[in-house]
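# Structure at a glance
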Amino acid sequence: MLRLATGAVVSLTFLAGMPYAQLNDVTQTPNAANAGIKKSFTDQIGAGRGDVMTPGSSLFIIARDPARSIVRGRQIFQRKFTVAQGLGPRTGDGVGDIEADASHGAGLGDSCATCHARPFGSAGFGSDVFTRPNSRDAPHLFGLGLQEMLADEITKDLRAIEQDAIDQAVLSGNSVTLNLTSKGIDYGSITGLPNGTSDTSGVEGVDSDLRVRPFFAQGGTISMREFLVGAFNAEMGLEAPDPDLLAAAGGADVTTPSGMELTGTIDAIEGPPASSVLDDPDLDGVVNELPTSIIDHMEFYLLNYFRPGTARETFGTNFGKKLFKGIGCADCHIPDLTIDVDRRVADTSTEWDPNNANQITNNLFTTATVLFSEFDDGSGFPTIKTPLGGSFVVENIFTDFKRHDLGQNFHELNFDGTRQTEFITEPLWGVASTPPYGHDGRSATLREVILRHGGEAQQARDNFDNLSGFGERLIIDFLNTLVIFAPPDTASNLDPAQRGDPDFPFNGTLGSIDLSVLFGDPSDKE
């Protein structure tokens, strides 16, 4: 619990979530240990999307009790769905034109944690799937909301430069070429033409529409909402008739409850699998399998999810970071990027701190801070919590949000026989915890994946290979400080650990898990 300057006590329950990967709910599988999600799926749906004046609705909870929404999203992420709730079949029941739709090769899981569950109790990494002939590895989801915000802001910057070039060209009657730069990243150049159009032949690392798509290895998806609705369908056979994606795919501009602007007037937005609450595309007899409130809570959870952490830093690891930059790796893997307007309501910083850590499970300590202000709307309901919307430096992300050709060792065969040759720079935060490496998981160690680089990264790769063994080791040691972690096993300022307690986090407080919520009956657990 944290106390704000206003005196309000805040339960930052985004640190919450039972310390497991996949969970049933206790209404489906009652047990003496009372283990599992405490709410039924019907209870998690609540009063639907509603509005800020409808108690129990997703818009009410996100606005007035955001911590509860994050916890609910976490439990939906962990939930083991049932056939009665719409689970399965996968696309075409695994039969169909895989060249046209690679999701025919996706696995069928019953939980988001089927693919994203390592380390223990996290929205981490996991299995690989047959969505490409050589498979794709499921990445971790730490810091996903920060990636979405950065990519969206870069897109807006690049498009503003394009419009400026066009405006200058129309005014002057001559072509005008401007550099495309955002957050210190060079995306080439663009030329405005007197006829009100632009020449995009000088654009680098992004599509000609200047939209940065941060999700999937090839840079294919714009938003978390598209990502999660698509994954529910492709990997679990759960169809969401999401009105936001439906409207944006139809050409409308929509702002989601998490503040993401889906610019359907400009961008090709991926529509939902179901077009209405009565639509049943997979013919399993279940409609409205994922009501809108469920998607709202999931999106808000991922927006506010943990950033990766930093393990023990030493003189050697700090020197390794300098070497990493010196040999050219940081030309693409840019360490820090700044968000101009942060849409989150809370942040966590997780660092090596053996003095405050439990020391049994790990030596990390998480410091949580709130990022919202409160407004009393006079309704008699809890105050409305509004994100502060300030700038935020995203440290240790190590990416440039550009696509690069890393040479034939990374080229990927598609089902139609073509090859994917460019991939968006993988953020390196968490890289120490997530072997094997590469979009296909074909590199077992950090050294192997570095030496696999070629193409645009050939010089940096050769510089690494030409280092002494000691120099290489320093860089590897530095990369091994970039970790993800098991949230329920990690002590925090919300629930400091008892040093050496072997029962942490199973000592009654569930470690960093604070299951209390801001408002409502304290027995009403998620």
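All of these numbers come straight from a predicted model, not from anything done at the bench.

## Some words on the nonpolar core
Residues Phe81, Tyr187, Phe232, Leu290 and Phe401 are the most contacted members of the largest nonpolar core, which totals 73 residues. By residue number, the principal contributor to this core is helix α4 (residues 144-172), which donates nine residues. Apart from residues lying up to four places away in sequence, Phe232 is in contact with Ile76, Phe81, Cys112, Gly237, Leu238, Leu290, Ile295 and Met298. Cys329, Leu406, Val431 and Ile476 belong to the second-largest nonpolar core, a separate cluster that totals 23 residues.

## Focus: the pairing of strand β5 (residues 176-182)
For β5 and strand β6 (residues 185-192), the ladder comprises six bridges, and the chain directions are antiparallel. Across the sheet, residue Leu178 finds its bridge partner in β6, namely Ile190. Taking the residues between adjacent antiparallel strands as the criterion, β5 and β6 are bridged by two residues, where Lys183 takes a positive phi near 55°.

## Let's talk about the layout of surface pockets
Volume-wise, the second largest pocket comes out at about 250 Å³. Lining the second largest pocket are 15 residues; nearest its centre among them are Gly309, Thr310, Thr350, Glu351 and Asn396. Of all the elements in the fold, those that place two or more residues in the lining of the second largest pocket are β10 (309-310) and β12 (346-352). For the lining of the second largest pocket, the element with the highest residue contribution is β12, accounting for four residues. Among the residues making up the lining of the second largest pocket, the classes are represented as five nonpolar, five polar and five charged.

## Thoughts on the packing of aromatic side chains
If you walk through the whole model with that rule in mind, you get 16 aromatic pairs. Where Phe142 meets Tyr305, the ring centres are 5.0 Å apart and the plane angle is 65°; that geometry is what we call edge-to-face. One end of the pair, Phe142, is in the loop between β4 (136-137) and α4; the other, Tyr305, is in the loop between α7 (292-303) and β10, with 163 residues separating them in the sequence. The same class applies to Phe142 as to Tyr305, namely buried. For the ring pair Tyr305 and Phe306, a centre distance of 5.2 Å and an interplane angle of 90° mean the geometry is edge-to-face. Each member of the pair Tyr305 and Phe306 is classed as buried. Over the ring of Tyr187 we find Lys402; its NZ or CZ atom is 5.8 Å from the centre of that ring.

## Some thoughts on unusual backbone geometry
Among all residues except glycine, the phi angle is most often negative; among peptide bonds, the trans geometry is most common. Cis peptide bonds are those with omega within 30 degrees of zero, and the linkage from Gly88 to Pro89 qualifies with -10°. Tracing the sequence through the fold places Pro89 in the loop between α3 (66-78) and β3 (128-129). Looking along the chain, the bond that leaves Pro435 and enters Pro436 is cis, with omega of -5°. Here Pro436 shows up in the loop between β20 (423-424) and α9 (446-452). In the Ramachandran plot, Phe216 falls in the positive-phi region, its phi being about 80° despite a non-glycine side chain. Along the polypeptide, Phe216 turns up in the loop between β7 (198-199) and α5 (224-236).

## Things to note about the confidence of the model for the chain
In this model, the chain carries a mean pLDDT of 89, and residues with pLDDT of at least 70 account for 90%. Within the model, pLDDT remains below 50 along residues 1-19, and this stretch shows 77 contacts once partners closer than five positions in the same chain are excluded. For residues 502-524, every residue scores under 50 in pLDDT, and the model assigns this stretch 64 contacts once sequence neighbours within four places are set aside.

## Brief notes about the environment of Ile37
Looking at the element boundaries, Ile37 is found in the loop between β2 (9-10) and α1 (41-45). Once the C-alpha coordinates of Ile37 and Leu23 are considered, the two residues, 14 residues apart in sequence, prove to be 6.4 Å apart.

## Details of the sheet that holds β7
Strands sit in the order β5-β6-β7 across an open sheet of three strands; the sheet is antiparallel. Looking at the sheet topology across the chains shown, the edges are occupied by β5 and β7. Running over the sheet, α4 touches β5, β6 and β7 and is turned about 165° from β5.

What counts and what doesn't
- Residues numbered from 1 in each chain as written.
- Predicted model: local features only at pLDDT ≥ 70, side-chain atom pairs only at ≥ 80, totals over all residues.
- Heavy atoms only, no water.
- Core = buried A, V, L, I, M, F, W, Y, C linked by side-chain atoms within 4.5 Å.
- Buried < 20%, exposed > 50% of the residue type's maximum accessible area, 1.4 Å probe, protein only.
- Helix = DSSP H or I, 4+ residues; strand = E, 2+ residues; numbered from the N terminus.
- Contact = heavy atoms within 4.5 Å.
- Pairing = 2+ DSSP bridges.
- 1 Å grid on protein atoms, 1.4 Å probe; cavity = no way out; pocket = protein on both sides within 12 Å on 5 of 7 lines; lining within 4 Å.
- Points joined across faces, edges and corners; volume = space filled by probe spheres on them.
- Nonpolar A, V, L, I, M, F, W, Y, C, P; charged D, E, K, R; others polar.
- Phe/Tyr/Trp six-rings, centres within 6.5 Å; stacked < 30°, edge-to-face > 60°.
- Lys NZ or Arg CZ within 6 Å of the ring centre and 35° of its normal.
- pLDDT = per-residue confidence, 0-100.
- Axes fitted to C-alpha atoms, helices over the stretch in contact; angles between N-to-C directions.

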